[in-house]
Amino acid sequence: MSNVRDAVLSALQSGGTDVLKDVDRFRGLVIKQLDDKSKERRALEIGCDDQFLEALAGAGGKDEFSAAAKASAAYLSDSYVMDPEVATYVSYEIAGAIAEFLGIDAPCAGRRKVRTAKKGSFGAPGIIALVLSLCLLAAGFYATHLNPIFGCTLFPSSGKLADISCEWYGIRNSAGQELTVIFLRNDGEDTIKMSSADNHALKASVMPSLATGDEGLMVLQGLGGMTYVQGRQIPATKESLESTPTRQVTWRYATNNNGSKKILITNPTDKIIRLYANSVMLTSRGATAKVCVIEGLDYLNPGTTEIDVVNSLRPITPNTGGMVPGDDTDLYLNGVKAPLDSGD
């Protein structure tokens, strides 16, 4: 692992403890000393915010540093769905470096102690059983929120990458493949080209360019949440992006004569739009996420292309049985949400 402790000590020697009051300066001083591709650097780039640093900066003794490190590690794991091992390492190394700089015994990560209730400290056995049942239920709900036990995490986690708002779900399909489905929205004024570090993107997926107000979709391999998401500003304007043929595409859904649903995608331009594998996806999200790829679609001719849903949808997530296009579904083309056309 990268030497986070030395990087933090160097930052403290450079700016003193006042650097802990400026999270942007602290983060910048530390990450520039870490390997560009290290998990620790990515963890700090994403998760080192005011709430993460506040507890560590306010500690004043070994026990306080231990508690702060434990709380900060839990914050990274819960809020950013970060690998607990990386979250714990980073938090305890920062706490240890601050403690060392202040001349305090450094805390170390230890196993959690399981508290056992003393005999006779509770009331009737029925109350104990009820409390245990509620605890197990809460633990199961929490575990399902963080891990795709039944194929998809329960409710999305959320975060920000600069001006990009992100909500993501962890997916484990029937083949055991682990994926992260991330829904994006550009709340800023600049156009951002999204990408993933270390080729974590789903094979053949096109990473979206998002102008102001655009909504996007990324499907990454693994359960890293935002860990491997990157974005860089590009000079394209919203107007220039909207003038491209793919951004003028709209879609709607209708019913076939046999009662099944069909998708109608309209290319209003006079140009043929070439499509890549995994470039057209139908999604639905709520407590869980459902994602399907529309297969057999290599290009869009000018005019309207009709797609038979039954024979064209290939599930990415395992919980897409019976998924049909409707008001609660969205179509993404090259990772950008296409407008829904009400039609005639």
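The paragraphs below set out a description of the structure included in this document. Given the structure is predicted, the values throughout are model-derived calculations rather than measurements.

### Quick word on the packing of helix α3 (residues 39-47) against helix α6 (residues 84-102)
1) Next: The interhelical angle for the contact between α3 and α6, taken along N-to-C directions, is 80 degrees, at an axis separation of 10 Å. By the angle class used here, α3 and α6 are roughly perpendicular. Where α3 approaches α6, its residues Lys39, Glu40, Ala43 and Leu44 are matched on the opposing element by Val86, Tyr89, Val90 and Ile94.
2) Next: The residue inventory of the contact of α3 with α6, partitioned by class, reads six nonpolar, no polar and two charged.

### Re the pattern of salt bridges
1) Next: Tallying each qualifying case throughout the model produces 18 salt bridges.
2) Next: For the salt bridge of Arg285 with Glu167, the shortest nitrogen-to-oxygen distance reads 3.0 Å. With Arg285 in strand β11 (residues 280-285) and Glu167 in strand β2 (residues 164-172), the pair connects residues that are 118 residues apart, well separated along the chain.
3) Next: What makes Arg285 partly exposed here is its relative accessible area of 35%.
4) Next: The partner of Glu242 in a salt bridge is Lys238, with the nearest N and O atoms 3.6 Å apart. Separated by four residues within a single helix, Glu242 and Lys238 lie in helix α8 (residues 238-242), roughly one turn from each other.
5) Next: For Glu242, a relative accessible area of 41% translates into the label partly exposed.
6) Next: A cluster of three or more residues bridged by salt bridges with shared partners is formed by Asp36, Arg41, Arg42 and Glu45.

### Re the sheet that holds strand β5 (residues 209-210)
Picture the strands of a sheet paired through backbone hydrogen bonds; they go either parallel or antiparallel.
1) Next: Judged by pairing direction, the sheet is antiparallel, and its three strands sit side by side in the order β5-β4-β7 without closing on themselves. What marks the edges here is a single partner per strand, and that holds for β5 and β7 (229-234).
2) Next: Pairing analysis gives two bridges linking strand β4 (residues 191-196) to β5, with the strands arranged antiparallel. Pairing of Lys193 across the sheet is with Ser209, part of β5.

### Concerning the sheet that holds strand β14 (residues 303-308)
1) Next: Taken together, the three strands give an open sheet; going across it, the order is β8-β9-β14, and neighbouring strands pair in antiparallel fashion. Whereas interior strands pair on both sides, the edge strands pair on one side only; in this sheet they are β8 (250-255) and β14. Along the sheet, successive strands turn relative to each other by an average axial angle of 25 degrees, direction set aside.
2) Next: With six bridges connecting them, strand β9 (residues 261-267) and β14 associate as antiparallel partners. By the bridge assignment for β14, Thr266 is matched with Thr304.

### A closer look at the packing of helix α5 (residues 62-80) against α6
1) Next: Where α5 meets α6, the closest approach of the two axes is 8 Å, and the angle between their N-to-C directions is 150 degrees. Relative to α6, the element α5 is oriented roughly antiparallel. The chirality of how α5 crosses α6 is right-handed. Counting all contacts with α5, which are made through Phe65, Ser66, Ala69, Lys70, Ser72, Ala73, Leu76 and Ser77, the residues of α6 involved are Pro84, Ala87, Thr88, Ser91, Tyr92, Ala95, Ile98, Ala99 and Leu102.

### Re unusual backbone geometry
1) Next: Although it is not a glycine, Asn278 sits at a positive phi angle of roughly 65 degrees.
2) Next: Within the secondary structure, Asn278 sits in the loop between β10 (273-274) and β11.
3) Next: Even without glycine at this site, Asn334 takes up a positive phi of about 55 degrees.
4) Next: Here Asn334 is to be found in the loop between β16 (330-333) and β17 (336-337).

### Brief notes about the nonpolar core
Proteins that are soluble and globular tend to have nonpolar side chains buried together.
1) Next: By size, the foremost hydrophobic cluster in this structure holds 54 residues, and its most contacted members are Val8, Phe26, Leu44, Phe52 and Ile94.
2) Next: The element contributing the most residues to this core is α6, with nine residues.
3) Next: With residues near it in sequence (within four places) discarded, Ile94 still touches Val4, Val8, Phe26, Leu44, Phe52 and Leu56.
4) Next: Within the second largest apolar cluster, 19 residues are counted, among which are Ile263, Leu275, Leu300 and Met323.

### Observations concerning helix α4 (residues 50-58)
1) Next: Within α4 the residues assigned to the buried category are Phe52, Leu53 and Leu56. Projected down its long axis, α4 carries its buried residues within an arc of 80 degrees, all on one side. When the buried face of α4 is taken as reference, the exposed residues oriented beyond 90 degrees from it are Asp50, Gln51, Glu54 and Gly58.
2) Next: Those residues of α4 hidden inside the fold are in contact with α2 (23-31), α3, α5 and α6.

### Considering the pairing of strand β3 (residues 178-186)
1) Next: Along β3, seven of the nine residues are buried, which leaves the element largely enclosed by surrounding structure.
2) Next: As paired elements, β3 and strand β6 (residues 215-221) share seven bridges and run antiparallel to each other. When the bridges of β6 are listed, Val181 appears paired with Val219.

Thresholds applied
Along each chain, residue indices are assigned from 1 in the same order as the chain's sequence is written. Predicted model: local features are reported for residues with pLDDT of at least 70 only, side-chain atom pairs are reported and counted for 80 or more only, and whole-chain, interface and lining totals are derived from all residues. In computing side-chain properties, one takes all heavy atoms of the structure into account and sets aside hydrogens as well as water. Interaxial angle, 0 to 180 degrees, is taken between N-to-C directions of lines fitted to C-alpha atoms, where a helix line uses only the stretch in contact. Labels follow the DSSP assignment, with helices taken as runs of H or I lasting at least four residues and strands as runs of E lasting at least two, numbered in each case from the N terminus. Orientation labels follow simple angle bins: below 35 degrees gives roughly parallel, above 145 gives roughly antiparallel, 65 to 115 gives roughly perpendicular, and whatever is left gives oblique. Contacts are residue-level and defined by heavy atoms, with any inter-residue pair within 4.5 Å sufficient. We call Asp, Glu, Lys and Arg charged. Ala, Val, Leu, Ile, Met, Phe, Trp, Tyr, Cys and Pro are nonpolar, and the rest, Gly among them, are polar. Any Lys or Arg side-chain nitrogen located within 4 Å of an Asp or Glu carboxyl oxygen qualifies as a salt bridge. Remark: exposure states derive from per-residue accessible area (1.4 Å probe, protein chains only) relative to the maximum for the residue type, with buried under 20%, exposed over 50%, and partly exposed in between. At least two DSSP bridges between two strands are required for those strands to pair. Crossings are classed by handedness, with left-handed meaning an anticlockwise turn of the near helix from the far one by less than a right angle and right-handed meaning a clockwise turn. We define the nonpolar core as a collection of buried residues of types Ala, Val, Leu, Ile, Met, Phe, Trp, Tyr and Cys that are connected through side-chain atoms lying within 4.5 Å of one another. Note: the arc covers the axis-to-C-beta directions of the helix.

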